[in-house]
Amino acid sequence: MSAPFRLQPLSEEHDRGSFACGQEALDRYIRTQATQDIRRRIAACFVAVESATGQLAAYYTIAAASIPTPDLPAEITKRLPRYPTLPAVRIGRLVVDLRFQGRGLGGALLADAVRRVLLAPPAVFALLVDAKDDQAVTFYQHHGFQAFASQPRTLFLSLATAEKTLL
Ligand SMILES: CC(C)(COP(=O)(O)OP(=O)(O)OC[C@H]1O[C@@H](n2cnc3c(N)ncnc32)[C@H](O)[C@@H]1OP(=O)(O)O)[C@@H](O)C(=O)NCCC(=O)NCCS
């Protein structure tokens with residue numbers, strides 16, 4: 001039996017007109033802005049498509065980022081060289097259409113991001129996310145992300161941990 005969802009890069013063939021997650025800004029982003037961000041190399045965007053219907057069920061974006069090393073907890077940095085910043089990948093948006101929420105897709109998107117980042121040649125120390133609201137914070141904490149002390153809505157997860165817990 002084929003998988004219920006296919007995860008692939010966003011392309012012209014995906015119909016985003018009916019995507020609805022309940023937050024207008026996130027719907028507008030996939031409809032009108034994601035393609036431009038890809039073209040300008042500001043973000044990469046990956047989507048989950050329902051195999052049976054071809055419907056766009058979810059998307060996420062990732063882009064290169066860096067973490068100022070002093071922002072990380074001492075128990076992590078004490079084992080690292082004293083570089084001023086560490087390489088990271090930021091998950092800009094991670095969104096599941098309302099019709100598909102609660103079926104494991106959010107977690108599957110996170111795992112897909114980890115897989116793609118691990119395959120890319122540049123080293124990445126951690127994933128970063130800017131959670132849009134408290135509910136998003138709890139979603140990421142549920143998956144092992146930890147908030148920065150100074151920015152409670154920005155969270156990180158080391159790739160070493162993500163590889164063990166999310167794949
Ligand atoms: C947050 C969101 C991505 C979750 O996606 P989802 O497909 O409904 O979640 P899943 O079904 O994959 O849930 C996976 C796990 O996370 C848990 N979870 C889901 N939402 C959660 C939340 N808000 N807080 C804590 N845990 C949550 C589930 O219980 C599940 O746990 P399990 O693996 O132990 O069974 C989705 O609700 C969404 O798109 N919301 C609107 C946009 C948004 O806020 N995006 C995040 C910031 S950009």
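An account of the accompanying structure is given in this report. Keep in mind it's a predicted model, so treat the numbers as computed, not measured.

## Looking at the pattern of salt bridges
Two side chains bearing opposite charge may form a pair once their charged atoms approach each other closely.
And step 1. According to the stated counting rule, one finds 5 salt bridges in the structure shown.
And step 2. For R90, the salt bridge is made with D130, and the minimal N-O distance between the two is 2.9 Å. One end of the pair, R90, is in strand β4 (residues 85-96); the other, D130, is in strand β5 (residues 126-130), with 40 residues separating them in the sequence.
And step 3. Owing to a relative accessible area of 29%, R90 belongs among the partly exposed residues under this scheme.
And step 4. Owing to a relative accessible area of 31%, D130 belongs among the partly exposed residues under this scheme.
And step 5. Of the charged contacts, one joins D97 and R99 as a salt bridge, the two residues approaching to 2.8 Å between their closest N and O atoms.
And step 6. According to the relative accessible area criterion, D97 is buried, its value standing at 1%.
And step 7. Take R99: its relative accessible area is 45%, and that puts it in the partly exposed class.

## Description of the site of the ligand
And step 1. The environment of the ligand is made up of 19 residues, and the closest members are L94, V96, G102, G104 and T138.
And step 2. The separation between an oxygen atom of the ligand and a polar main-chain atom of G107 is 2.9 Å.
And step 3. Contact between the ligand and Q135: a nitrogen atom at 3.0 Å from a main-chain N or O atom of the residue.
And step 4. The pocket occupied by the ligand, as judged from atoms lying within 2 Å of grid points, is the largest pocket.
And step 5. The set of elements that each furnish at least two residues to the shell around the ligand consists of β4, α3 (105-119) and α4 (134-142).
And step 6. In terms of residue class, the shell around the ligand is made up of 7 nonpolar, 10 polar and 2 charged.

## Quick look at the pairing of β4
And step 1. Pairing geometry for strand β3 (residues 56-68) and β4, over 10 bridges, is antiparallel. Within β4, the position partnered with S66 by the bridge is P87.
And step 2. Bridge count between β4 and β5: 4 bridges; the pairing is parallel. Bridge pairing in β5 places A88 opposite A126.

## Remarks on helix α1 (residues 24-39)
And step 1. Here α1 contains 16 residues, and its C-alpha end-to-end distance of 23 Å stays within 8% of the 22 Å for a straight helix at 1.5 Å per residue.
And step 2. Where α1 bends most, at Q33, the angle is about 60°.
And step 3. Lining the buried residues of α1 we find β2 (44-50), β3 and β4.

## A look at the sheet that holds β5
And step 1. With respect to topology, 7 strands assemble into an open sheet ordered β1-β2-β3-β4-β5-β7-β6, the strand pairing being mixed. A strand with exactly one partner marks an edge of an open sheet, and here the two such strands are β1 (5-9) and β6 (146-147).
And step 2. Across the sheet, α1 touches β2, β3 and β4, and the angle it forms with β3 is around 60°.

## What to know about unusual backbone geometry
And step 1. One non-glycine residue with positive phi stands out, namely R41, at about 60°.
And step 2. Checked against the element boundaries, R41 lands in the loop between α1 and β2.
And step 3. Residue class for R41 comes out exposed when judged on its relative accessible area of 78%.

Cut-offs and rules
- Residues numbered from 1 in each chain as written.
- Predicted model: local features only at pLDDT ≥ 70, side-chain atom pairs only at ≥ 80, totals over all residues.
- Heavy atoms only, no water.
- Salt bridge = Lys/Arg side-chain N within 4 Å of Asp/Glu carboxyl O.
- Helix = DSSP H or I, 4+ residues; strand = E, 2+ residues; numbered from the N terminus.
- Buried < 20%, exposed > 50% of the residue type's maximum accessible area, 1.4 Å probe, protein only.
- Near = heavy atom within 4 Å.
- Polar contact = N/O pair within 3.5 Å; in protein donor to acceptor, adjacent residues only side chain to side chain.
- 1 Å grid on protein atoms, 1.4 Å probe; cavity = no way out; pocket = protein on both sides within 12 Å on 5 of 7 lines; lining within 4 Å.
- Sits in = over half its atoms within 2 Å of the grid points.
- Nonpolar A, V, L, I, M, F, W, Y, C, P; charged D, E, K, R; others polar.
- Pairing = 2+ DSSP bridges.
- Expected span 1.5 Å × (residues − 1).
- Bend = angle between axes of the 7 residues up to and from the residue.
- Contact = heavy atoms within 4.5 Å.
- Axes fitted to C-alpha atoms, helices over the stretch in contact; angles between N-to-C directions.

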